[in-house]
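Summary of structural features
Each chain, letter by letter, is given below.
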Amino acid sequence: ERERLARLRHTPSITLDGQRIELLANIEQPADAAVAVRAGAVGVGLFRTEFLFMGRNGSLPDEEEQYQAYRDAVEGMQGLPVTIRTIDIGADKPLDKTHKDDHLNPALGLRAIRWSLADPAMFRVQLRAVLRAAAHGQINVLFPMLAHASEIHQALAQVALARAELDARPQVYGAVRLGAMVEVPAAALMVNTFLRYFDFLSIGTNDLIQYTLAIDRTDEAVSHLYDPLHPAVLRLVTEVIAACRAQGKSVSVCGETAGDVTMTRLLLGLGLRSFSMHPAQILAVKQEVLRADTRKLASWAQQVLTAEDPSALLGA
Ligand code: PEP
Ligand code: MG
């Protein structure tokens, strides 16, 4: 089976009805770029940069070190696009042991973009490093956990300020596309506000499920209720995809469901054309894509979407 899949590496990812489906990789370190290319990814859809910051006992990587890391990732992708997510620290990804349990409810606390905006000078170190790396390849910047219009404005203002700081040095940097994660129900419900400000969106189903269903994604006592097929989750995902498509903006899913082969046909049927996943899943998902006819899947997906128990229809 593995050998058979390996032969798909250079096969274009196109459905039976001719739809080109973008299969991207999620990475955690610059060295993972080589793994992504070898797996047949056409880009990085999610570089989880928090892994550069974790486990350093409070010392953060400076601009130079970050710049090198982002540049390595971009060069490792050999001209393919890299989506760099700004730090998503907190909750299930504590900075280090000293920060571990110092919040009442870390998943609802100072994590991700909230953490970055709480220390704008630190945030701009990362933004300047990313902008400088963009001189070496195609970079998209992705902001995690946005839920308020005011956070959108603040994040974009920090990007503008980071550019101004580089201009003042002066230092070379490149153009980037700006995007947002949709991983809080509030973001999905106000997707049109997001689309006013961003070039692309990426749906983080891991957190979207957690926050929609009030299920801590790390708590085994409730893991049986953590359901990617819950009708409420499917509805939010569908509406975000539809809103993006209506405005001609790119949208991908970068949570675990994107790499789950039992979800591929449903996501295609709901209109998704870009998936970002662990590199090890790419060929298996590509196999599903090659067998799919999105025209047939679209009407079936509408039935799944309105079912009380969507999982019962998934094998159909
Ligand atoms: C997600 O929430 O779906 C996601 C991709 O981000 P992370 O798993 O890093 O929180
Ligand atoms: Mg997330």
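Residues numbered from 1 in each chain as written. Chains lettered and ligands numbered in written order. Predicted model: local features only at pLDDT ≥ 70, side-chain atom pairs only at ≥ 80, totals over all residues.

Here we look at unusual backbone geometry
Following R169, the chain continues into P170 via a peptide bond in cis, with omega recorded as -15 degrees. Its location among the elements puts P170 in the loop between α6 (149–168) and β5 (176–182). Phi is positive for Q78, close to 55 degrees, though the residue is something other than glycine. Looking at the secondary structure, you find Q78 in the loop between α3 (63–76) and β3 (82–85). Its 10 C-beta neighbours within 10 Å are what place Q78 among the exposed residues. (Helix = DSSP H or I, 4+ residues; strand = E, 2+ residues; numbered from the N terminus. Buried ≥ 20, exposed ≤ 12 C-beta atoms within 10 Å, placed from the backbone.)

Re the UniProt feature "binding site: Mg(2+)" (unreviewed entry) in the protein
Mapped onto this numbering, the UniProt entry annotates "binding site: Mg(2+)" (unreviewed entry) at E183 and D207. Taking the farthest pair of C-alpha atoms as the criterion, the annotated set spanning 25 residues converges on one region, since that pair is 5.3 Å apart. By the secondary structure assignment, E183 is in the loop between β5 and α7 (185–189). On the basis of neighbour counts, which here come to 26 C-beta atoms within 10 Å, the residue E183 falls in the buried class. Turning to its location among the elements, D207 is positioned in helix α9 (residues 205–213). If we skip the residues at most four places from it in the chain, D207 touches E183 and V184. (UniProt positions renumbered as here; feature names shortened; annotations may be inferred. Contact = placed C-beta atoms within 7 Å.)

Details of the site of ligand 1
Around ligand 1, a shell composed of L46, R48, D88, E183, G204, T205, N206, D207, C254 and G255 is seen. Going through the elements one at a time, β2 (44–48) and α9 are the ones with two or more residues in the shell around ligand 1. Classifying every residue of the shell around ligand 1 by side-chain character gives two nonpolar, four polar and four charged. (Near = placed C-beta within 6 Å. Nonpolar A, V, L, I, M, F, W, Y, C, P; charged D, E, K, R; others polar.)

A word on the UniProt feature "binding site: phosphoenolpyruvate" (unreviewed entry) in the protein
The feature "binding site: phosphoenolpyruvate" (unreviewed entry), as given by UniProt, occupies R48, R85, N206, D207 and R217 in the numbering adopted here. Following the sequence through the fold, N206 ends up in helix α9. By C-beta crowding, N206 is classed as partly exposed, having 17 other C-beta atoms within 10 Å. With residues near it in sequence (within four places) discarded, N206 still touches R217, G255 and E256. With respect to the element layout, R217 can be found in the loop between α9 and α10 (231–246). Each residue touching R217, except ones within four places of it in the same chain, is listed here: D92, N206, Q210 and Y226.

Some remarks on the packing of α3 against helix α5 (residues 120–133)
The description of two helices packed together rests on the angle between their axes and the distance between the axes. Close contact between α3 and α5 brings their axes to 8 Å; oriented N to C, the two are set at 40 degrees. By the angle class used here, α3 and α5 are oblique. α3 and α5 meet at a crossing whose hand is right-handed. Residues E63, Q66, Y67, Y70, R71 and V74 of α3 touch α5, and the partners they reach there are V125, Q126, R128, A129, V130, R132 and A133. Across the contact of α3 with α5, the residue classes tally to seven nonpolar, two polar and four charged. (Axes fitted to C-alpha atoms, helices over the stretch in contact; angles between N-to-C directions. Parallel < 35°, antiparallel > 145°, perpendicular 65-115°, else oblique. Left-handed = near helix turned anticlockwise from the far one by under 90°.)

Section: the nonpolar core
Generally speaking, nonpolar side chains in soluble globular proteins are found buried as a group. In this structure, V44, A73, V130, L146, V182, V240 and F275 are the most contacted members of the largest nonpolar core, which totals 90 residues. If near-sequence neighbours (up to four positions away) are discounted, L146 is found in contact with I113, E151, I152, A155, A180, M181 and A187. (Core = buried A, V, L, I, M, F, W, Y, C linked by C-beta atoms within 7 Å.)

Description of the pairing of β3
Here β3 shows a buried face lined by V82 and I84 and a second buried face lined by T83 and R85. When β2 meets β3, the two strands line up parallel, connected through three bridges. Among the inter-strand pairings, F47 is bridged to a residue of β3, identified as I84. After leaving β2, the chain enters α3 and then returns to the sheet as β3, a path that is right-handed. Summarising the sheet, β3 and strand β4 (residues 139–143) pair through four bridges and their orientation is parallel. (Pairing = 2+ DSSP bridges. Right-handed = clockwise from strand over helix to strand, strands pointing away.)

Side note on α3
Compared with an ideal rise of 1.5 Å per residue, which puts 14 residues at 20 Å, α3 spans 19 Å between its outermost C-alpha atoms and is within 8% of the ideal. Within α3, the full set of buried residues consists of Q66, Y67, A69, Y70, R71, A73, V74 and G76. The elements touched by buried residues of α3 are β1 (22–27), α2 (32–38), β2, β3, α5 and β4. Backbone geometry just downstream of α3 places Q78 in the positive-phi region, at approximately 55 degrees. (Expected span 1.5 Å × (residues − 1).)

Re the pairing of β4
A large share of β4 lies buried, amounting to five of its five residues. Alternating residues of β4 divide into I139, V141 and F143 and N140 and L142, and every residue in both groups is buried. Where β4 and β5 come together, five bridges link them in parallel fashion. Along β5, the bridge assignment pairs I139 with V176. Between the parallel elements β4 and β5, the chain passes through α6 in a crossover that is right-handed.

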